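Okay, here's what each chain looks like letter by letter:
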Amino acid sequence: MHICRKNHSVIIQGITGKQGTFWTEQMQEYGTRVIGGVNPKKAGAKHCGVPVYGSVVDAAREVKVDATVMFIPPLGVKFAALDAIEAGAKLIVCLTEHIPIQDLMYFMAAADEAGATIIGPNTAGTVTVGECFLGFMPAFNTRIFQPGNIGVISRSGSLATLICQILTGSGLGVRAFLGIGGDPIIGTTTLDALKALDNFEGVEAIAMVGEIGGVMEEEAAEYAKTMSKPIAAFIAGGAAPIGKKMGHAGAIVIGDKGSYSSKKNALEKAGVNVIDTPMKMGEALRTGLA
Amino acid sequence: MNFEEFAAKPILANAGIRVPKSILCETPDEVARAAHDIGRCVVKAQVPVGKRGKAGGIQLANSVNDAKKHAQNIIGMKINGYVVDKVLVEAQSNIIREFYAAILNDPVTQTPLVMFSTEGGMDIEEVAASQPDKIKQAKIDVRHGLSLTQAFGLVEDLELSGANEEVAKVLIKLYSAYRKNDAELLEINPLVLNSSRSLEALDCKFVLDDSAVKRQPDLVAIGTPEKLTELEKRGEQHGIKYVELNGNVVVLANGAGLTMTTMDVVRHYGGEPANFCEIGGEAYTKGRAALELVLAKPGIKSLVVNFCGAFARCDVMMEGLLEAWVSLKPRIPVFFSIAGTGDEEAIIMLKKTLNLDPLPNIDEACKAAVKAAEGQ
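Residues numbered from 1 in each chain as written. Chains lettered and ligands numbered in written order. Predicted model: local features only at pLDDT ≥ 70, side-chain atom pairs only at ≥ 80, totals over all residues. Heavy atoms only, no water.

Regarding its fold elements, chain A presents nine helices and 14 strands. Whereas a compact globule of 290 residues would reach a radius of gyration of roughly 19 Å, chain A reaches 18 Å, a difference of no more than 12%. With the C-alpha coordinates of chain A rotated into their principal frame, the extents come out at 55 × 40 × 30 Å. At a minimum sequence separation of 6, the contacts of chain A that also span at least 24 residues come to 73%. Looking at chain A, you have 25 positive and 26 negative side-chain charges, and the mean spots of the two groups are 3 Å apart. (Helix = DSSP H or I, 4+ residues; strand = E, 2+ residues; numbered from the N terminus. Rg over C-alpha atoms; globule rule 2.2 N^0.38 Å. Contact = heavy atoms within 4.5 Å. Lys, Arg positive; Asp, Glu negative; His and termini not counted. Charge placed at Lys NZ, Arg CZ, Asp CG, Glu CD.)

Put into structure tokens, the structure is as follows:
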């Protein structure tokens, strides 16, 4: 997968909407190189100080597009993602929740073929601390994000916010945060994110924030065995009842599959320090780094 | 969203897959009339769960009287927590072979998977566990669909009493029904080869992708609504994700991950969460409705509010919550933990309105709420 850097040029799909506008301004202020936006009805206009294009493909005729961030309603995402892929974007951040799964699998297949990374759907995005952020994480809040050497992976944006705040509070800092999203099928899995952070300069240790449902943490555990960088993990949902979707479409335990204990066991076998409350994340990583 | 057999089978029939003649009935008299029209039949309980046969909810009837007698037993019977209020009266088939066929969204390969097995009529999880080599499966690229070559290739080496090509054609039809109806799972078990050498779907399981309900309004009208408590229904009406639980510590947070974690930490300190309730994402403006909802549960002892703003701004969530607090004037002890987008504004509002400070972190807030619930 690709991690966003400060020299990457970014297009915001759906830039003119309320959330698109608010978060584009936040991204620009942080340092993200936003070079334009898309709204087919407002092509030719300027918004947030950058040109609005009719499509990402149109934008790519004039400028190189490395990444896009989509502020697009669920039923429009398939078309928007295909546009970004066709334009040659290598990183596509899909924030939207409730995208029909068949739409998602359709554009994921196209992205795969084009060598593009889909992050999400149903994610808060990514932060490369001190460089840029994509999506709607509070990257600019210095009580949450301080520069440091931790790579953070999370299926949940709100829980990641908490974890980063805990890291900051314990004197640690973050190099890169990858929000992968809370849906059962997502473009960048825990394993993909773990590999990317393992190979990312400046990351010395990993905070993995998982949750019940699916087998992504179990898959990642296999790779974790081969890593020399320390990993601490928190898995949310230990107190959740079986067979109930807990807010995230992906957070459901069916039988033993996807259960807290299955994930905890797999990770612990791989040498990962699985903590029982998020407050212990700082201490666990300090111990690992020592 | 789940669909009962009577609602799922027309989806197959519309795609050109043969299903036996059937009539949906609600009383033994209706069943008798249906049996008179159909002849030798099967009386099948309609409930949105499996293992109906083992529970005695599926009975063969060779006469009208038989059918009526079975209906009297089945209607009103409880299967897996569901009371049977309707039955399907279906023509019997002369079964030669029973197969299994399904298309499903597979989170591991992240593609639709076509599955076929010669061991129909059994629970597919059991087949997968005991005879995994009896299950054939293949990934499908949604952009290209399932081709006849791919479908035929999947079953060509199997001994199917000469019905291989027909089976391949059924798989194609099944896939087109899966696509058209935004299925998460579309399963025929059993798919039978009958004595007139044609393939028939004797049962069908259909699960609609919950994210596709907006573009499938006709299906939603015939699907089985999820079994919800009164409070959960209220949550759904307000667009708030609320799951009722057995404890007495109310949990209100934003984001599924953070809300689950708040429950976990409550449990970690010896408390029991009363609910899962989150107002993250698009629901972050619903602080007011959410507070009213969580406080409506009887027997609650304390409340922990945990906001970590990202997209959901703490100040906006807090504003709604305080508005509701002032008008409801609840007397329950409340403990806050607040961080992220809009946190400073939210903390000021909390101090001004309730003269309260947030606790320094999630552990302290949950610990305090558990203690308060224990009456300390």
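So, on to the packing of helix H2 (residues 28-38) of chain B against helix H3 (residues 64-74) of chain B. Residues and elements named next belong to chain B. Contact pair H2 / H3: the axes reach a minimum separation of 8 Å and the direction vectors enclose 150°. As the angle between them shows, H2 and H3 are arranged roughly antiparallel. Classified by chirality, the crossing of H3 by H2 is right-handed. On H3, the residues that touch Pro 28, Asp 29, Val 31, Ala 32, Ala 35 and His 36 of H2 are Val 64, Ala 67, Lys 68, Ala 71 and Gln 72. (Axes fitted to C-alpha atoms, helices over the stretch in contact; angles between N-to-C directions. Parallel < 35°, antiparallel > 145°, perpendicular 65-115°, else oblique. Left-handed = near helix turned anticlockwise from the far one by under 90°.)

If you trace the backbone, Gly282(A) turns up in helix H9 (residues 281-289). Residues Gly282(A) and Leu167(A), 115 residues apart in the sequence, show an inter-C-alpha distance of 5.1 Å.

We now examine H9(A). Residue and element names in this part refer to chain A. Listing the buried residues of H9 in full gives Met 281, Gly 282, Ala 284 and Leu 285. The buried side chains of H9 occupy one side of the element, clustering within an arc of 165° when seen end-on. Seen from the open side of H9, the exposed residues pointing more than 90 degrees away from its buried face are Glu 283 and Thr 287. Where the residues of H9 are buried, they touch strand S10 (147-154), helix H5 (157-169), strand S12 (205-211), strand S13 (231-236) and strand S14 (273-274). (Buried < 20%, exposed > 50% of the residue type's maximum accessible area, 1.4 Å probe, protein only. Arc of directions from axis to C-beta.)

How large an interface is tends to be reported as the accessible area lost when its parts come together. Listed per partner, the contact involves 54 residues of chain B and 57 residues of chain A. Broken down residue by residue, the surface that chain B buries against chain A is led by Gln110(B), Arg143(B) and Phe311(B), which jointly contribute 16%. In this structure, the connection of chain B to chain A is made through five salt bridges. For the salt bridge of Glu344(B) with Arg143(A), the shortest nitrogen-to-oxygen distance reads 3.3 Å. Here chain B and chain A share 16 residue pairs in polar contact (both at pLDDT 80 or more) between them. Sort the elements by how many residues they give to the side of chain B that touches chain A and helix H9 (residues 256-268) of chain B lands first, with ten residues. A breakdown of the residues in the side of chain B that touches chain A according to their chemical character gives 22 nonpolar, 13 polar and 19 charged. (Buried area = accessible area lost by both parts, 1.4 Å probe. Salt bridge = Lys/Arg side-chain N within 4 Å of Asp/Glu carboxyl O. Polar contact = N/O pair within 3.5 Å; in protein donor to acceptor, adjacent residues only side chain to side chain. Nonpolar A, V, L, I, M, F, W, Y, C, P; charged D, E, K, R; others polar.)

Empty space within the second largest pocket amounts to approximately 390 Å³. Considering the residues around the second largest pocket, the lining is formed by 21 residues, among which Met108(A), Ala109(A), Ala111(A), Asp112(A) and Gln110(B) are closest to the centre. At the level of elements, helix H4 (101-114) and strand S7 (117-119) of chain A together with strand S9 (111-117) of chain B are the ones that each hand at least two residues to the lining of the second largest pocket. A per-element tally of the lining of the second largest pocket places H4(A) first, with five residues. (1 Å grid on protein atoms, 1.4 Å probe; cavity = no way out; pocket = protein on both sides within 12 Å on 5 of 7 lines; lining within 4 Å. Points joined across faces, edges and corners; volume = space filled by probe spheres on them.)

All right, on to the sheet that holds strand S5 (residues 67-70) of chain A then. For sheets, the rule is that strands pair by backbone hydrogen bonds, running either parallel or antiparallel. Residue and element names in this part refer to chain A. Read across the sheet, seven strands follow the order S3-S4-S2-S1-S5-S6-S7 without closing on themselves; strand pairing throughout is mixed. Looking at which strands have only one partner, the edges of the open sheet turn out to be strand S3 (46-47) and S7. With three bridges connecting them, strand S6 (residues 91-94) and S7 associate as parallel partners. Directly across from Leu 91, in S7, lies its bridge partner Thr 117. (Pairing = 2+ DSSP bridges.)

What follows is about unusual backbone geometry. Between Gly120(A) and the following residue, Pro121(A), the backbone shows a cis peptide bond with an omega angle of 10°. In this fold, Pro121(A) is placed in the loop between S7 and strand S8 (125-128). Here the amide bond leading from Asn189(B) into Pro190(B) is cis, since omega sits at 5°, within 30 degrees of zero. With respect to the helices and strands, Pro190(B) occurs in strand S11 (residues 183-194). The phi dihedral of Asn80(B) is positive, around 55°, even though this residue is not glycine. For Asn80(B), the position within the fold is in the loop between strand S5 (78-79) and strand S6 (82-83). You can call Asn80(B) exposed: its relative accessible area is 61%.

Nothing here speaks to function; it is all geometry.
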